[in-house]
Amino acid sequence: MSGQNVWTHKGTFLLAAVGSAVGLGNLWRFPYLTGENGGGAFILVYALTIFAVGIPILIAEIMLGRTSRQSPIMGMRHLTRTHQTSRAWESIGWLGAASAFLILSFYSVVAGWSLHYTWQMLTGSLAGADAETIGAGFDSLLASPWLMTLYHTLFIILSALIVGMGIHKGIESGLRIIMPALFVILLVVLGYSIVNGDIGAAAEFLFTFSLADLSLEGWLQAMGQSFFTLSLGMGAIMAYGAYMPSDVSLTRTAFAVAFVDTAVALVAGLAIFALVFGAGLETGQGPGLMFVTIPLAFSEMPFGSLIGGVFFILVLGAAISSSISLIEPVAAFLVERFDRTRPQAVAIMTLGSWALGLLTVVSFNVWSEGTLFHTLFGRSAFDFIELLTNIFMPLGGLLIALFAGWALTQSEVAKELGGSPGWFSVWRFLVRFIAPAAVAFVFLRTLPQVDGYLLPAFGALTIVLAVAIGRSLLVKQPPAA
Ligand code: PHE
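The structure displayed is predicted, hence computed values, not measured ones.

1. Some details on the packing of helix α14 (residues 304–338) against helix α15 (residues 342–363)
Point 1. Direction vectors running N to C along α14 and α15 enclose 125°, while the axes themselves pass 8 Å from each other. Classed by the angle they form, the pair α14 and α15 counts as oblique. As α14 packs across α15, the resulting crossing turns out to be right-handed. On α15, the residues touching Leu326, Ile327, Glu328, Val330, Ala331, Leu334 and Val335 of α14 are Arg342, Ala345, Val346, Ile348, Met349 and Thr350.

Here it is in C-alpha coordinates:
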(Lines give C-alpha, C1' and ligand atoms only; values in the text may rest on other atoms or scores of the structure.)
Protein backbone atom coordinates (compact mmCIF):
# COMPACT_ATOMS: atom_id res chain seq x y z
CA MET A 1 0.00 0.00 0.00
CA SER A 2 1.34 3.41 -0.86
CA GLY A 3 1.99 5.96 1.83
CA GLN A 4 -0.54 8.41 0.47
CA ASN A 5 -3.39 6.29 1.76
CA VAL A 6 -2.82 7.34 5.36
CA TRP A 7 -4.59 10.24 7.04
CA THR A 8 -2.52 13.42 6.98
CA HIS A 9 -2.65 13.98 10.74
CA LYS A 10 -2.59 11.77 13.79
CA GLY A 11 -5.94 13.08 14.91
CA THR A 12 -7.74 12.65 11.60
CA PHE A 13 -8.96 9.15 12.29
CA LEU A 14 -10.59 10.40 15.48
CA LEU A 15 -12.20 13.24 13.55
CA ALA A 16 -13.43 10.90 10.83
CA ALA A 17 -14.68 8.23 13.22
CA VAL A 18 -16.52 10.81 15.30
CA GLY A 19 -17.95 12.20 12.07
CA SER A 20 -19.19 8.75 11.19
CA ALA A 21 -20.52 8.00 14.65
CA VAL A 22 -22.29 11.29 15.27
CA GLY A 23 -25.30 11.39 13.00
CA LEU A 24 -29.02 10.85 12.79
CA GLY A 25 -28.46 8.15 15.38
CA ASN A 26 -27.55 10.78 18.00
CA LEU A 27 -29.83 13.62 17.01
CA TRP A 28 -32.89 11.76 15.79
CA ARG A 29 -32.89 8.15 16.94
CA PHE A 30 -31.38 8.44 20.43
CA PRO A 31 -33.75 11.17 21.68
CA TYR A 32 -36.88 9.49 20.35
CA LEU A 33 -35.88 6.06 21.65
CA THR A 34 -35.11 7.58 25.05
CA GLY A 35 -38.44 9.39 24.95
CA GLU A 36 -40.32 6.21 24.10
CA ASN A 37 -38.51 4.10 26.66
CA GLY A 38 -38.87 6.21 29.74
CA GLY A 39 -35.62 8.19 29.91
CA GLY A 40 -32.93 7.38 32.49
CA ALA A 41 -33.24 3.62 32.61
CA PHE A 42 -32.79 3.44 28.85
CA ILE A 43 -29.69 5.61 29.05
CA LEU A 44 -28.17 3.44 31.73
CA VAL A 45 -28.43 0.27 29.64
CA TYR A 46 -27.21 2.17 26.62
CA ALA A 47 -24.12 3.36 28.50
CA LEU A 48 -23.40 -0.11 29.85
CA THR A 49 -23.61 -1.62 26.38
CA ILE A 50 -21.36 1.04 24.91
CA PHE A 51 -18.76 0.10 27.49
CA ALA A 52 -18.97 -3.67 27.58
CA VAL A 53 -19.81 -4.35 23.94
CA GLY A 54 -19.52 -1.25 21.79
CA ILE A 55 -16.00 -0.15 22.70
CA PRO A 56 -14.44 -3.64 22.50
CA ILE A 57 -15.96 -4.22 19.05
CA LEU A 58 -15.00 -0.71 17.99
CA ILE A 59 -11.40 -1.49 18.92
CA ALA A 60 -11.59 -4.80 17.05
CA GLU A 61 -13.00 -3.18 13.94
CA ILE A 62 -10.42 -0.39 13.84
CA MET A 63 -7.73 -3.01 14.31
CA LEU A 64 -8.98 -5.09 11.37
CA GLY A 65 -8.78 -2.03 9.16
CA ARG A 66 -5.40 -0.90 10.37
CA THR A 67 -3.63 -4.26 10.16
CA SER A 68 -4.99 -5.00 6.71
CA ARG A 69 -4.63 -1.47 5.32
CA GLN A 70 -7.27 -2.18 2.69
CA SER A 71 -10.98 -1.76 2.12
CA PRO A 72 -13.09 -4.10 4.27
CA ILE A 73 -13.65 -6.78 1.62
CA MET A 74 -10.07 -6.93 0.36
CA GLY A 75 -8.78 -6.39 3.88
CA MET A 76 -10.64 -9.37 5.26
CA ARG A 77 -9.38 -11.50 2.38
CA HIS A 78 -5.85 -10.41 3.23
CA LEU A 79 -6.27 -11.19 6.94
CA THR A 80 -7.71 -14.66 6.35
CA ARG A 81 -4.57 -15.42 4.35
CA THR A 82 -1.95 -13.92 6.63
CA HIS A 83 -3.52 -15.39 9.76
CA GLN A 84 -4.34 -18.68 8.05
CA THR A 85 -7.97 -18.73 9.02
CA SER A 86 -10.98 -20.03 7.15
CA ARG A 87 -11.95 -17.92 4.14
CA ALA A 88 -15.50 -17.85 5.46
CA TRP A 89 -14.47 -14.85 7.56
CA GLU A 90 -14.37 -12.82 4.36
CA SER A 91 -18.11 -12.60 4.86
CA ILE A 92 -17.39 -9.82 7.40
CA GLY A 93 -16.26 -7.62 4.54
CA TRP A 94 -19.18 -8.50 2.28
CA LEU A 95 -21.70 -8.12 5.04
CA GLY A 96 -20.27 -4.71 5.89
CA ALA A 97 -20.40 -3.55 2.28
CA ALA A 98 -23.96 -4.82 1.87
CA SER A 99 -25.08 -3.09 5.08
CA ALA A 100 -23.41 0.17 4.11
CA PHE A 101 -25.20 0.06 0.77
CA LEU A 102 -28.57 -0.67 2.40
CA ILE A 103 -28.23 1.89 5.18
CA LEU A 104 -27.12 4.67 2.85
CA SER A 105 -30.25 4.10 0.78
CA PHE A 106 -32.67 5.09 3.55
CA TYR A 107 -30.30 7.28 5.59
CA SER A 108 -30.17 9.62 2.62
CA VAL A 109 -33.96 9.78 2.40
CA VAL A 110 -34.36 10.68 6.08
CA ALA A 111 -31.46 13.13 5.91
CA GLY A 112 -33.25 14.65 2.93
CA TRP A 113 -36.14 15.54 5.23
CA SER A 114 -33.82 17.76 7.24
CA LEU A 115 -32.91 19.55 4.01
CA HIS A 116 -36.62 20.28 3.67
CA TYR A 117 -36.88 21.53 7.25
CA THR A 118 -33.75 23.66 7.03
CA TRP A 119 -35.37 25.42 4.12
CA GLN A 120 -38.76 25.72 5.80
CA MET A 121 -37.25 27.10 8.99
CA LEU A 122 -34.92 29.61 7.40
CA THR A 123 -37.66 30.97 5.15
CA GLY A 124 -39.85 31.38 8.22
CA SER A 125 -42.70 29.36 6.75
CA LEU A 126 -43.33 27.57 10.03
CA ALA A 127 -43.22 30.63 12.30
CA GLY A 128 -46.23 30.66 14.62
CA ALA A 129 -47.74 27.56 13.00
CA ASP A 130 -49.87 25.32 15.23
CA ALA A 131 -49.54 21.59 15.85
CA GLU A 132 -52.05 20.67 13.21
CA THR A 133 -50.37 22.72 10.49
CA ILE A 134 -46.92 21.35 11.28
CA GLY A 135 -48.17 17.78 11.48
CA ALA A 136 -49.97 18.21 8.17
CA GLY A 137 -46.78 19.67 6.67
CA PHE A 138 -44.80 16.56 7.58
CA ASP A 139 -47.56 14.34 6.23
CA SER A 140 -47.63 16.17 2.96
CA LEU A 141 -43.84 15.89 2.64
CA LEU A 142 -44.16 12.13 3.12
CA ALA A 143 -47.04 12.02 0.65
CA SER A 144 -44.96 13.53 -2.14
CA PRO A 145 -42.64 11.05 -3.87
CA TRP A 146 -41.25 13.83 -6.07
CA LEU A 147 -40.29 16.16 -3.26
CA MET A 148 -38.75 13.32 -1.26
CA THR A 149 -36.83 12.11 -4.30
CA LEU A 150 -35.55 15.61 -4.90
CA TYR A 151 -34.14 15.93 -1.35
CA HIS A 152 -32.82 12.38 -1.35
CA THR A 153 -31.01 13.10 -4.62
CA LEU A 154 -29.54 16.37 -3.42
CA PHE A 155 -28.29 14.83 -0.21
CA ILE A 156 -26.65 11.84 -1.84
CA ILE A 157 -24.98 14.00 -4.51
CA LEU A 158 -23.54 16.24 -1.81
CA SER A 159 -22.10 13.22 0.02
CA ALA A 160 -20.81 11.68 -3.21
CA LEU A 161 -18.99 14.88 -4.16
CA ILE A 162 -17.06 14.86 -0.89
CA VAL A 163 -16.00 11.21 -1.13
CA GLY A 164 -15.33 11.56 -4.85
CA MET A 165 -12.66 14.16 -4.15
CA GLY A 166 -10.63 11.58 -2.27
CA ILE A 167 -9.73 10.88 1.33
CA HIS A 168 -7.54 13.96 1.70
CA LYS A 169 -9.10 16.70 -0.42
CA GLY A 170 -12.62 15.41 0.10
CA ILE A 171 -13.15 13.58 3.36
CA GLU A 172 -10.39 15.11 5.52
CA SER A 173 -10.88 18.67 4.35
CA GLY A 174 -14.64 18.35 4.44
CA LEU A 175 -14.67 17.03 7.98
CA ARG A 176 -12.26 19.67 9.16
CA ILE A 177 -14.89 22.27 8.30
CA ILE A 178 -18.05 20.33 9.12
CA MET A 179 -17.14 18.90 12.52
CA PRO A 180 -16.05 22.05 14.39
CA ALA A 181 -19.08 23.84 12.93
CA LEU A 182 -21.31 21.08 14.27
CA PHE A 183 -19.94 21.43 17.79
CA VAL A 184 -20.42 25.19 17.74
CA ILE A 185 -24.00 24.80 16.50
CA LEU A 186 -24.74 22.16 19.09
CA LEU A 187 -23.62 24.54 21.84
CA VAL A 188 -25.66 27.39 20.36
CA VAL A 189 -28.75 25.18 20.30
CA LEU A 190 -28.05 24.03 23.86
CA GLY A 191 -27.68 27.64 25.01
CA TYR A 192 -30.89 28.58 23.27
CA SER A 193 -32.81 25.75 24.85
CA ILE A 194 -31.43 26.58 28.30
CA VAL A 195 -32.76 30.12 27.91
CA ASN A 196 -36.03 29.32 26.19
CA GLY A 197 -36.82 25.77 27.21
CA ASP A 198 -37.09 23.83 30.43
CA ILE A 199 -33.64 22.34 30.95
CA GLY A 200 -34.46 21.21 34.49
CA ALA A 201 -37.30 19.03 33.28
CA ALA A 202 -35.09 17.67 30.51
CA ALA A 203 -32.31 16.75 32.92
CA GLU A 204 -34.76 15.11 35.25
CA PHE A 205 -36.27 13.14 32.41
CA LEU A 206 -32.90 11.97 31.07
CA PHE A 207 -31.16 11.26 34.33
CA THR A 208 -33.86 10.00 36.65
CA PHE A 209 -33.42 6.30 36.72
CA SER A 210 -36.23 4.02 37.69
CA LEU A 211 -35.91 0.27 37.36
CA ALA A 212 -39.58 -0.12 36.66
CA ASP A 213 -39.12 1.67 33.34
CA LEU A 214 -36.63 -0.88 32.14
CA SER A 215 -38.69 -3.02 29.76
CA LEU A 216 -37.03 -5.86 27.89
CA GLU A 217 -37.87 -4.17 24.64
CA GLY A 218 -36.18 -0.98 25.83
CA TRP A 219 -33.14 -2.99 26.85
CA LEU A 220 -32.81 -4.52 23.43
CA GLN A 221 -33.38 -1.25 21.66
CA ALA A 222 -30.68 0.36 23.77
CA MET A 223 -28.23 -2.32 22.69
CA GLY A 224 -29.19 -2.02 19.04
CA GLN A 225 -28.81 1.73 19.28
CA SER A 226 -25.30 1.42 20.70
CA PHE A 227 -24.26 -0.46 17.55
CA PHE A 228 -25.91 1.95 15.19
CA THR A 229 -24.53 5.03 16.87
CA LEU A 230 -20.94 3.76 16.90
CA SER A 231 -21.24 2.82 13.20
CA LEU A 232 -20.23 -0.74 14.01
CA GLY A 233 -20.27 -3.73 11.70
CA MET A 234 -20.72 -1.78 8.49
CA GLY A 235 -17.22 -1.48 7.18
CA ALA A 236 -17.21 2.26 7.81
CA ILE A 237 -14.90 2.08 10.81
CA MET A 238 -12.75 -0.57 9.19
CA ALA A 239 -12.35 1.52 6.04
CA TYR A 240 -11.33 4.59 8.04
CA GLY A 241 -9.08 2.46 10.24
CA ALA A 242 -7.16 1.39 7.15
CA TYR A 243 -5.88 4.96 6.84
CA MET A 244 -4.92 5.30 10.52
CA PRO A 245 -1.22 5.82 11.21
CA SER A 246 0.37 2.90 13.09
CA ASP A 247 1.64 4.97 15.98
CA VAL A 248 -1.74 6.23 17.16
CA SER A 249 -3.19 4.43 20.20
CA LEU A 250 -6.10 2.28 19.14
CA THR A 251 -7.59 1.91 22.58
CA ARG A 252 -7.41 5.54 23.53
CA THR A 253 -8.90 6.57 20.20
CA ALA A 254 -11.78 4.12 20.53
CA PHE A 255 -12.61 5.43 24.00
CA ALA A 256 -12.48 8.99 22.70
CA VAL A 257 -14.85 8.19 19.83
CA ALA A 258 -17.34 6.52 22.18
CA PHE A 259 -17.06 9.36 24.68
CA VAL A 260 -17.65 12.15 22.17
CA ASP A 261 -20.44 10.21 20.50
CA THR A 262 -22.23 9.65 23.80
CA ALA A 263 -21.66 13.22 24.93
CA VAL A 264 -23.20 14.54 21.72
CA ALA A 265 -26.21 12.26 22.12
CA LEU A 266 -26.71 13.45 25.71
CA VAL A 267 -26.26 17.14 24.93
CA ALA A 268 -28.57 16.84 21.94
CA GLY A 269 -31.04 14.95 24.11
CA LEU A 270 -30.91 17.67 26.79
CA ALA A 271 -31.39 20.45 24.27
CA ILE A 272 -34.20 18.67 22.44
CA PHE A 273 -36.17 17.67 25.53
CA ALA A 274 -35.70 21.11 27.08
CA LEU A 275 -37.43 22.53 24.01
CA VAL A 276 -40.11 19.86 24.08
CA PHE A 277 -40.88 20.36 27.79
CA GLY A 278 -40.60 24.12 27.50
CA ALA A 279 -43.28 24.11 24.81
CA GLY A 280 -45.41 21.70 26.84
CA LEU A 281 -45.21 18.93 24.22
CA GLU A 282 -45.09 15.13 24.44
CA THR A 283 -41.80 13.18 24.61
CA GLY A 284 -42.91 9.82 23.24
CA GLN A 285 -43.56 10.89 19.67
CA GLY A 286 -41.35 8.30 18.02
CA PRO A 287 -39.63 9.16 14.73
CA GLY A 288 -41.81 12.27 14.40
CA LEU A 289 -40.06 13.82 17.41
CA MET A 290 -37.51 15.59 15.25
CA PHE A 291 -39.68 16.53 12.30
CA VAL A 292 -42.93 17.47 14.03
CA THR A 293 -42.35 18.13 17.72
CA ILE A 294 -39.11 20.08 17.31
CA PRO A 295 -40.36 22.40 14.53
CA LEU A 296 -43.44 22.96 16.67
CA ALA A 297 -41.34 23.87 19.72
CA PHE A 298 -39.28 26.30 17.64
CA SER A 299 -42.34 27.84 16.03
CA GLU A 300 -43.49 29.17 19.38
CA MET A 301 -40.15 30.54 20.59
CA PRO A 302 -38.28 33.81 19.99
CA PHE A 303 -35.97 33.65 16.94
CA GLY A 304 -37.34 30.15 16.48
CA SER A 305 -37.07 30.22 12.69
CA LEU A 306 -33.42 31.19 12.75
CA ILE A 307 -32.30 28.83 15.49
CA GLY A 308 -34.54 26.09 14.13
CA GLY A 309 -32.87 26.50 10.75
CA VAL A 310 -29.46 26.30 12.39
CA PHE A 311 -30.60 23.20 14.25
CA PHE A 312 -31.53 21.45 11.02
CA ILE A 313 -28.20 22.46 9.49
CA LEU A 314 -26.67 20.60 12.43
CA VAL A 315 -28.73 17.54 11.60
CA LEU A 316 -27.74 17.82 7.97
CA GLY A 317 -24.02 18.16 8.68
CA ALA A 318 -24.04 15.26 11.11
CA ALA A 319 -25.84 13.14 8.53
CA ILE A 320 -23.36 14.02 5.78
CA SER A 321 -20.33 13.21 7.90
CA SER A 322 -21.94 9.79 8.51
CA SER A 323 -23.08 9.10 4.97
CA ILE A 324 -19.61 9.68 3.56
CA SER A 325 -18.38 6.92 5.86
CA LEU A 326 -20.96 4.60 4.31
CA ILE A 327 -19.79 5.39 0.79
CA GLU A 328 -16.07 5.02 1.51
CA PRO A 329 -15.85 1.25 2.22
CA VAL A 330 -17.64 0.28 -0.99
CA ALA A 331 -15.95 2.92 -3.13
CA ALA A 332 -12.51 1.94 -1.84
CA PHE A 333 -13.29 -1.68 -2.69
CA LEU A 334 -14.27 -0.83 -6.27
CA VAL A 335 -11.05 1.13 -6.66
CA GLU A 336 -8.88 -1.66 -5.29
CA ARG A 337 -10.57 -4.61 -6.87
CA PHE A 338 -11.70 -3.32 -10.26
CA ASP A 339 -9.20 -0.55 -10.83
CA ARG A 340 -11.90 2.08 -11.07
CA THR A 341 -11.04 5.70 -10.64
CA ARG A 342 -12.37 7.06 -7.37
CA PRO A 343 -15.06 9.24 -8.99
CA GLN A 344 -16.27 6.23 -10.99
CA ALA A 345 -16.33 4.03 -7.90
CA VAL A 346 -18.23 6.62 -5.89
CA ALA A 347 -20.69 7.11 -8.74
CA ILE A 348 -21.39 3.38 -8.97
CA MET A 349 -21.94 3.03 -5.24
CA THR A 350 -24.12 6.09 -4.78
CA LEU A 351 -26.15 5.52 -7.94
CA GLY A 352 -27.01 2.01 -6.77
CA SER A 353 -27.85 3.15 -3.27
CA TRP A 354 -29.82 6.09 -4.63
CA ALA A 355 -31.94 3.78 -6.78
CA LEU A 356 -32.59 1.50 -3.83
CA GLY A 357 -33.53 4.57 -1.81
CA LEU A 358 -36.43 5.16 -4.18
CA LEU A 359 -38.03 2.10 -2.59
CA THR A 360 -37.89 3.89 0.75
CA VAL A 361 -39.35 7.01 -0.83
CA VAL A 362 -42.37 5.19 -2.24
CA SER A 363 -42.87 3.25 0.99
CA PHE A 364 -44.31 6.41 2.49
CA ASN A 365 -46.78 7.11 -0.30
CA VAL A 366 -47.57 5.21 -3.52
CA TRP A 367 -46.40 1.90 -2.09
CA SER A 368 -47.46 2.53 1.47
CA GLU A 369 -49.65 -0.54 1.55
CA GLY A 370 -51.39 -3.22 -0.43
CA THR A 371 -48.71 -3.73 -3.10
CA LEU A 372 -47.11 -6.98 -4.20
CA PHE A 373 -44.16 -6.11 -2.00
CA HIS A 374 -46.37 -6.08 1.09
CA THR A 375 -47.94 -9.36 0.13
CA LEU A 376 -44.55 -10.99 -0.33
CA PHE A 377 -42.69 -9.55 2.63
CA GLY A 378 -45.47 -8.46 4.96
CA ARG A 379 -44.15 -4.91 5.33
CA SER A 380 -43.16 -1.84 3.36
CA ALA A 381 -39.90 -1.81 1.44
CA PHE A 382 -38.47 0.70 3.91
CA ASP A 383 -39.34 -1.49 6.88
CA PHE A 384 -37.90 -4.46 5.04
CA ILE A 385 -34.59 -2.74 4.33
CA GLU A 386 -34.42 -1.51 7.91
CA LEU A 387 -35.11 -4.99 9.20
CA LEU A 388 -32.31 -6.37 7.02
CA THR A 389 -29.86 -3.84 8.42
CA ASN A 390 -31.08 -4.61 11.94
CA ILE A 391 -30.07 -8.19 11.28
CA PHE A 392 -26.82 -7.48 9.42
CA MET A 393 -25.54 -4.91 11.88
CA PRO A 394 -25.37 -7.07 15.02
CA LEU A 395 -24.33 -10.00 12.84
CA GLY A 396 -21.36 -8.03 11.51
CA GLY A 397 -20.47 -7.00 15.07
CA LEU A 398 -20.72 -10.58 16.29
CA LEU A 399 -18.47 -11.88 13.52
CA ILE A 400 -15.93 -9.11 14.09
CA ALA A 401 -15.79 -9.92 17.80
CA LEU A 402 -15.38 -13.64 17.18
CA PHE A 403 -12.84 -13.17 14.41
CA ALA A 404 -10.72 -10.78 16.47
CA GLY A 405 -11.02 -12.76 19.68
CA TRP A 406 -10.73 -16.32 18.43
CA ALA A 407 -9.55 -16.64 14.83
CA LEU A 408 -6.71 -14.14 14.57
CA THR A 409 -3.27 -14.99 15.87
CA GLN A 410 -3.48 -13.46 19.32
CA SER A 411 0.19 -12.48 19.66
CA GLU A 412 -0.17 -10.26 16.60
CA VAL A 413 -3.41 -8.81 17.86
CA ALA A 414 -1.71 -7.90 21.13
CA LYS A 415 1.06 -6.19 19.19
CA GLU A 416 -1.37 -4.18 17.09
CA LEU A 417 -3.45 -3.10 20.08
CA GLY A 418 -0.50 -2.04 22.22
CA GLY A 419 -1.19 -1.07 25.81
CA SER A 420 -0.68 -3.22 28.88
CA PRO A 421 -1.09 -7.02 28.99
CA GLY A 422 -3.77 -6.57 31.66
CA TRP A 423 -5.85 -4.38 29.41
CA PHE A 424 -5.36 -6.82 26.55
CA SER A 425 -6.83 -9.66 28.64
CA VAL A 426 -9.81 -7.52 29.59
CA TRP A 427 -10.44 -6.62 25.96
CA ARG A 428 -10.03 -10.20 24.84
CA PHE A 429 -12.45 -11.46 27.47
CA LEU A 430 -15.00 -8.90 26.32
CA VAL A 431 -14.74 -9.74 22.61
CA ARG A 432 -14.57 -13.47 23.20
CA PHE A 433 -17.48 -13.89 25.56
CA ILE A 434 -19.41 -10.80 26.61
CA ALA A 435 -19.86 -9.13 23.23
CA PRO A 436 -20.95 -12.30 21.40
CA ALA A 437 -23.44 -13.16 24.14
CA ALA A 438 -24.87 -9.66 24.14
CA VAL A 439 -25.10 -9.55 20.37
CA ALA A 440 -26.78 -12.92 20.17
CA PHE A 441 -29.36 -11.43 22.51
CA VAL A 442 -29.96 -8.42 20.26
CA PHE A 443 -30.14 -10.78 17.33
CA LEU A 444 -32.89 -12.77 18.99
CA ARG A 445 -34.89 -9.62 19.36
CA THR A 446 -35.35 -9.39 15.60
CA LEU A 447 -36.69 -12.94 15.49
CA PRO A 448 -40.31 -12.09 16.32
CA GLN A 449 -40.22 -9.58 13.46
CA VAL A 450 -39.21 -12.27 11.00
CA ASP A 451 -42.24 -13.94 9.51
CA GLY A 452 -43.82 -15.24 6.30
CA TYR A 453 -41.41 -15.78 3.44
CA LEU A 454 -38.54 -14.44 5.49
CA LEU A 455 -38.61 -17.16 8.09
CA PRO A 456 -37.08 -19.98 6.01
CA ALA A 457 -34.42 -17.61 4.65
CA PHE A 458 -33.58 -16.44 8.15
CA GLY A 459 -33.50 -19.98 9.48
CA ALA A 460 -31.19 -21.09 6.68
CA LEU A 461 -28.92 -18.10 7.25
CA THR A 462 -28.67 -18.90 10.96
CA ILE A 463 -27.77 -22.54 10.33
CA VAL A 464 -25.22 -21.75 7.61
CA LEU A 465 -23.66 -19.19 9.92
CA ALA A 466 -23.53 -21.43 12.94
CA VAL A 467 -21.87 -24.17 10.90
CA ALA A 468 -19.49 -21.75 9.20
CA ILE A 469 -18.49 -20.10 12.48
CA GLY A 470 -18.03 -23.44 14.17
CA ARG A 471 -15.89 -24.75 11.34
CA SER A 472 -13.80 -21.65 10.93
CA LEU A 473 -13.00 -21.52 14.61
CA LEU A 474 -11.84 -25.11 14.58
CA VAL A 475 -10.00 -25.23 11.28
CA LYS A 476 -6.71 -23.49 10.68
CA GLN A 477 -5.95 -23.28 6.98
CA PRO A 478 -2.58 -24.36 5.62
CA PRO A 479 -0.25 -21.38 5.12
CA ALA A 480 -0.76 -19.60 1.81
CA ALA A 481 1.81 -20.46 -0.84
N1 PHE B 1 -23.49 6.19 13.44
C2 PHE B 1 -24.35 6.87 12.51
C3 PHE B 1 -25.39 7.63 13.31
O4 PHE B 1 -25.42 7.58 14.49
C5 PHE B 1 -25.01 5.95 11.55
C6 PHE B 1 -24.06 5.13 10.79
C7 PHE B 1 -24.10 3.79 10.90
C8 PHE B 1 -23.08 5.71 9.99
C9 PHE B 1 -23.18 3.02 10.25
C10 PHE B 1 -22.17 4.95 9.33
C11 PHE B 1 -22.20 3.59 9.47
O12 PHE B 1 -26.20 8.29 12.71
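2. Focus: the confidence of the model for the chain
Point 1. For the chain, the mean per-residue pLDDT works out to 89, and 94% of the residues sit at or above 70.
Point 2. Taken element by element, the chain is modelled with least confidence in helix α20 (residues 454–474), mean pLDDT 73, and with most confidence in helix α7 (residues 145–164), mean pLDDT 97.

3. Details of the pattern of salt bridges
Point 1. Applying the stated criterion to the full structure yields six salt bridges.
Point 2. Across the pair Lys10 and Asp247 runs a salt bridge whose closest N-O atoms are separated by 3.6 Å. Placement of the pair is Lys10 in the segment before α1 (12–21) and Asp247 in the loop between α11 (236–241) and α12 (250–278), with a sequence separation of 237 residues. In terms of burial, Lys10 and Asp247 fall into one category: exposed.

4. Things to note about the site of the ligand
Point 1. Around the ligand, a shell composed of 14 residues is seen, among which Ala21, Gly25, Tyr107, Phe228 and Ser231 lie nearest.
Point 2. Residue Gly25 places a main-chain N or O atom 2.7 Å away from an oxygen atom belonging to the ligand.
Point 3. The contact in question runs from a nitrogen atom of the ligand to an N or O atom on the backbone of Phe228, over 2.8 Å.
Point 4. Summarising the interface, the protein chains cover 100% of the accessible area of the ligand, which totals 320 Å² for the free molecule.
Point 5. Placement of the ligand is best described as lying within the largest cavity.
Point 6. Mapped onto the shell around the ligand, the elements with two or more residues apiece are α1, α2 (24–36), α10 (216–229) and α14.
Point 7. By residue class, the composition of the shell around the ligand is six nonpolar, eight polar and no charged.

5. Digging into helix α9 (residues 199–207)
Side chains of residues three or four places apart in an α-helix project in the same direction, reflecting 3.6 residues per turn.
Point 1. Turning to α9, its buried residues number three or more, namely Ala202, Phe205 and Leu206. Along the long axis of α9, the arc covered by the buried residues comes to 90°, so they all point the same way.
Point 2. Of the surrounding elements, those touching the buried residues of α9 are α2, α3 (40–68) and α12.

6. Notes on empty space enclosed by the protein
Point 1. Under the criterion given, the structure shown has three cavities of 30 Å³ or more.
Point 2. One number sums up the size of the largest cavity: a volume of about 130 Å³.
Point 3. Lining the largest cavity are 15 residues, and of these Ser20, Tyr107, Phe228, Ser231 and Ser322 lie nearest its centre.
Point 4. When residues of the lining of the largest cavity are traced back to their parent elements, those giving at least two are α1, α2, α5 (91–122), α10 and α14.
Point 5. The greatest single-element share of the lining of the largest cavity, amounting to three residues, is contributed by α14.
Point 6. Residues that form the lining of the largest cavity fall into these classes: eight nonpolar, seven polar and no charged.
Point 7. Size it by volume and the second largest cavity reaches roughly 110 Å³.

7. Some points on the environment of Thr409
Point 1. With respect to the helices, strands and loops of the structure, Thr409 is situated in the loop between α17 (381–407) and α18 (410–417).
Point 2. On the basis of relative accessible area, Thr409 is assigned to the partly exposed category, the value being 29%.
Point 3. For Thr409 and Leu33, which are 376 residues apart along the polypeptide, the C-alpha to C-alpha distance reads 39 Å.

8. Details of the side chain of Ser299
Point 1. Within the secondary structure, Ser299 is located in helix α13 (residues 288–299).
Point 2. At 2.7 Å, the side chain of Ser299 and the backbone oxygen of Leu296 are in polar contact.
Point 3. With sequence-adjacent residues up to four places away left out, Ser299 is seen in contact with Leu126, Ala127, Gly128, Ala129 and Ile134.

9. A short note on the packing of aromatic side chains
Point 1. The tally for this structure, following the rule as stated, stands at 30 aromatic pairs.
Point 2. A centroid spacing of 5.7 Å and a plane angle of 70° characterise the contact between Phe205 and Phe277, whose relative ring orientation is edge-to-face. Of this pair, Phe205 sits in helix α9 while Phe277 sits in helix α12, and the two are 72 residues apart along the sequence.
Point 3. With relative accessibility at 17%, the residue Phe205 sits in the buried group.
Point 4. The class for Phe277 is partly exposed, based on a relative accessible area of 26%.
Point 5. Note on Phe429 and Phe433: the rings are 5.5 Å apart at their centroids and 45° apart in plane angle, and the pair reads as tilted. Of this pair, Phe429 and Phe433 both sit in helix α19 (residues 421–446), four residues apart, which is roughly one turn of that helix.

Calculation criteria
- All chains use their own residue numbering, which begins from 1 and follows the written sequence.
- pLDDT decides what is reported in this predicted model: residues at 70 or higher carry local features, side-chain atom pairs at 80 or more are listed and counted, and totals for whole chains, interfaces and linings draw on all residues regardless.
- As a rule here, side-chain values cover all heavy atoms of the structure and leave hydrogens and water aside.
- Axis angles are defined between N-to-C directions and span 0 to 180 degrees, where every axis is a line fitted to C-alpha atoms and, for a helix, only to the segment in contact.
- Helical segments are the DSSP runs of H or I of at least four residues, strand segments are the runs of E of at least two, and each set is numbered from the N terminus.
- When an angle is under 35 degrees it counts as roughly parallel; over 145 it counts as roughly antiparallel; between 65 and 115 it counts as roughly perpendicular; any other value is oblique.
- Helix crossings get a hand from a simple test, with the near helix turned counterclockwise from the far one by less than a right angle marking a left-handed crossing and a clockwise turn marking a right-handed one.
- Between two residues, a contact is recorded if the distance between any of their heavy atoms is within 4.5 Å.
- Summary of the metric used: pLDDT quantifies the predictor's per-residue confidence within the range 0 to 100.
- What counts as a salt bridge is simple: a side-chain nitrogen of Lys or Arg found within 4 Å of a carboxyl oxygen of Asp or Glu.
- Residue exposure (1.4 Å probe, protein chains only): buried if accessible area is under 20% of the type maximum, exposed if over 50%, otherwise partly exposed.
- If a single non-hydrogen atom of a residue is within 4 Å of a molecule or strand, that residue counts as near it.
- Whenever two N or O atoms come within 3.5 Å, that pair is a polar contact, provided that in protein one can donate a hydrogen and the other can accept it, and provided that, for residues adjacent in sequence, both atoms are side-chain atoms.
- Surface accessibility in these figures is a Shrake-Rupley result with a 1.4 Å probe; residues are shielded only by whichever protein chains are displayed.
- Cavities and pockets were defined on a 1 Å grid built over protein atoms only: a cavity is a set of grid points that admits a 1.4 Å probe from which the probe cannot escape, a pocket is an open set flanked by protein on both sides within 12 Å along at least five of seven lines, and lining residues are those with an atom within 4 Å of any such point.
- Any molecule with more than half of its atoms within 2 Å of a cavity's or pocket's grid points is regarded as sitting in that cavity or pocket.
- For this scheme, ten residues count as nonpolar: Ala, Val, Leu, Ile, Met, Phe, Trp, Tyr, Cys and Pro. Four count as charged, namely Asp, Glu, Lys and Arg, and the remainder, Gly too, count as polar.
- Note: the arc covers the axis-to-C-beta directions of the helix.
- Grid points are joined across faces, edges and corners, and a volume is the space filled by probe spheres set on the points.
- The rule is short: rings of Phe, Tyr and Trp, with Trp giving its six-membered ring, pair when the centres are within 6.5 Å, and they are stacked under 30 degrees, edge-to-face over 60, tilted in between.

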